[in-house]
Amino acid sequence: MHVLVVEDDARLSRLLKRLLTQDRHVVETALTAEDGLEIATSSIELDAVILDVGLPDRSGFEVARLLRRKGSQVPILMLTARDAVSDRVEGLDAGADDYLVKPFAYEELLARLRALGRRPPTRKAMALHSGPFELDETTRRVTVAGKPVDLSQREFSILECLLRRPGQVLSRDQLLDYAWPYGVALTPNTVEAYIHLLREKVGNSAAAHIETVRGVGYRLREG
Ligand code: CA
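Just so you know, these numbers come straight off a predicted model, no measurement behind them. (Residues numbered from 1 in each chain as written. Predicted model: local features only at pLDDT ≥ 70, side-chain atom pairs only at ≥ 80, totals over all residues. Heavy atoms only, no water.)

### A few points about the overall build of the chain
Argument step 1. Each helix and strand in the chain was counted, giving nine helices and 12 strands.
Argument step 2. Each of the three principal axes of the chain carries a C-alpha extent, and together these read 60 × 30 × 30 Å.
Argument step 3. Residue pairs in contact within the chain that sit at least 24 positions apart in sequence constitute 57% of those at least 6 positions apart.
Argument step 4. Carbon and sulfur atoms make up 49% of the accessible area of the chain, which amounts to about 11,800 Å² in all.
Argument step 5. Mean positive and mean negative side-chain charge positions of the chain (31 and 33 charges, respectively) differ by 3 Å. (Helix = DSSP H or I, 4+ residues; strand = E, 2+ residues; numbered from the N terminus. Contact = heavy atoms within 4.5 Å. Areas by Shrake-Rupley, 256 points an atom, 1.4 Å probe, with all protein chains shown as cover. Lys, Arg positive; Asp, Glu negative; His and termini not counted. Charge placed at Lys NZ, Arg CZ, Asp CG, Glu CD.)

The structure is reproduced here in structure tokens:
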């Protein structure tokens, strides 16, 4: 899972990152509500947010409320310091899916995370299309201008990532995070190489829709 930990206690944050990474999760951390909101609203593929209630700039309740208001449906596991009923109710009201009272056993945190991951995805797999591209996430079939094209798993993931955000510039790092989910050590050049392969496979006229934005990344031209 791709997990964001929003926790201002730097020691706990580092510990969670280390433990979750050992369990093959991809972990991002934020020490403030502001950073947490920034990452949660800009991350393409976030499977869960572990959100502390007591943060320096805003409360975790507020963060959950803002995320829901922005339309995010990412599962939220709230960390609360007190086992007060009012805290739990406020957390769930704010849009959290579950909560854990500090101090907690790490095994319990993992179990809660797994439970959140098992919930039916709110975003259903579907057919994505833009310009000449059509990609079916269920059958993993890709057609370009109506003709089927055989893509490798990575090429498919990169095209899928671009098709999820047509018209938006995606950085090489965003594409790396998306297409290589377990944080394998790679350089942004890897993305360039795969974009090159992808363009060759889809043919010249479709390739022109995959635009390079110099110094930033790539964008799928709309229409
Ligand atoms: Ca805290």
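### Regarding the environment of L151
Argument step 1. Relative to the elements of secondary structure, L151 occurs in the loop between β9 (147-149) and α6 (153-164).
Argument step 2. Judged by relative accessible area, which is 17%, L151 ranks as buried.
Argument step 3. Separated by 47 residues in the primary sequence, L151 and L198 place their C-alpha atoms 7.6 Å from one another.
Argument step 4. Sequence-distant contacts of L151, that is, excluding residues within four places in its chain, are made with V142, F156, L159, L198 and K201. (Buried < 20%, exposed > 50% of the residue type's maximum accessible area, 1.4 Å probe, protein only.)

### Section: helix α4 (residues 85-94)
Argument step 1. Three or more residues of α4 are buried, namely D87, G91 and A94. Buried residues of α4 fall within an arc of 70° about the axis and therefore sit on the same side. Of the exposed residues in α4, the ones pointing more than 90 degrees away from its buried face are V85, S86 and D93.
Argument step 2. Along its buried surface, α4 packs onto α3 (60-69) and β4 (76-80).
Argument step 3. G95 sits one or two residues past α4 and shows a positive phi near 115°. (Arc of directions from axis to C-beta.)

### Observations concerning the domain arrangement of the chain
Argument step 1. Domain annotation for the chain reports domain 1 (2-117) and domain 2 (127-220).
Argument step 2. Summarising the inter-unit geometry, the C-alpha centres of domain 1 and domain 2 are found 30 Å apart. (Domains from an automatic or database assignment.)

### Let's talk about the packing of helix α1 (residues 10-22) against helix α5 (residues 106-118)
Argument step 1. Interhelical geometry of α1 versus α5 gives an angle of 60° and a closest axis separation of 12 Å. The angle between α1 and α5 falls in the class oblique. Regarding α1 and α5, the two cross each other, and that crossing is right-handed. Each of L16, L19 and L20 in α1 lies in contact with α5, whose residues at this interface are Y106, L109, L110 and L113.
Argument step 2. Counted by class, the contact of α1 with α5 contains seven nonpolar, no polar and no charged residues. (Axes fitted to C-alpha atoms, helices over the stretch in contact; angles between N-to-C directions. Parallel < 35°, antiparallel > 145°, perpendicular 65-115°, else oblique. Left-handed = near helix turned anticlockwise from the far one by under 90°. Nonpolar A, V, L, I, M, F, W, Y, C, P; charged D, E, K, R; others polar.)

### Considerations on the pattern of salt bridges
Argument step 1. Counting across every chain of the model gives 11 salt bridges.
Argument step 2. Among the charged side chains, a network of salt bridges with common partners joins E7, D52 and K102. (Salt bridge = Lys/Arg side-chain N within 4 Å of Asp/Glu carboxyl O.)

### Quick word on the coordination of the calcium ion
Argument step 1. At the metal site, the calcium ion is ligated by D8 (OD), D52 (OD) and G54 (O), and these contacts range over 2.1 to 2.4 Å.
Argument step 2. Here the donor residues of the calcium ion are spaced in sequence according to D-x43-D-x1-G. (Donors = N, O, S within 2.8 Å, 3.2 Å for Na, K, Ca; no water.)

### Comments concerning the pairing of strand β1 (residues 2-6)
Argument step 1. Of all five residues in β1, five are buried; the element is thus mostly enclosed.
Argument step 2. Alternating residues of β1 divide into H2, L4 and V6 and V3 and V5, and every residue in both groups is buried.
Argument step 3. As judged from the five bridges shared by β1 and strand β2 (residues 26-30), these two strands associate in the parallel manner. Each bridged residue has a counterpart across the sheet, and for V6 the counterpart in β2 is A30.
Argument step 4. Of the crossover connections in this fold, the one passing from β1 over α1 to the parallel β2 is right-handed.
Argument step 5. Relative to strand β3 (residues 48-52), β1 is paired through four bridges, and the arrangement is parallel. (Pairing = 2+ DSSP bridges. Right-handed = clockwise from strand over helix to strand, strands pointing away.)

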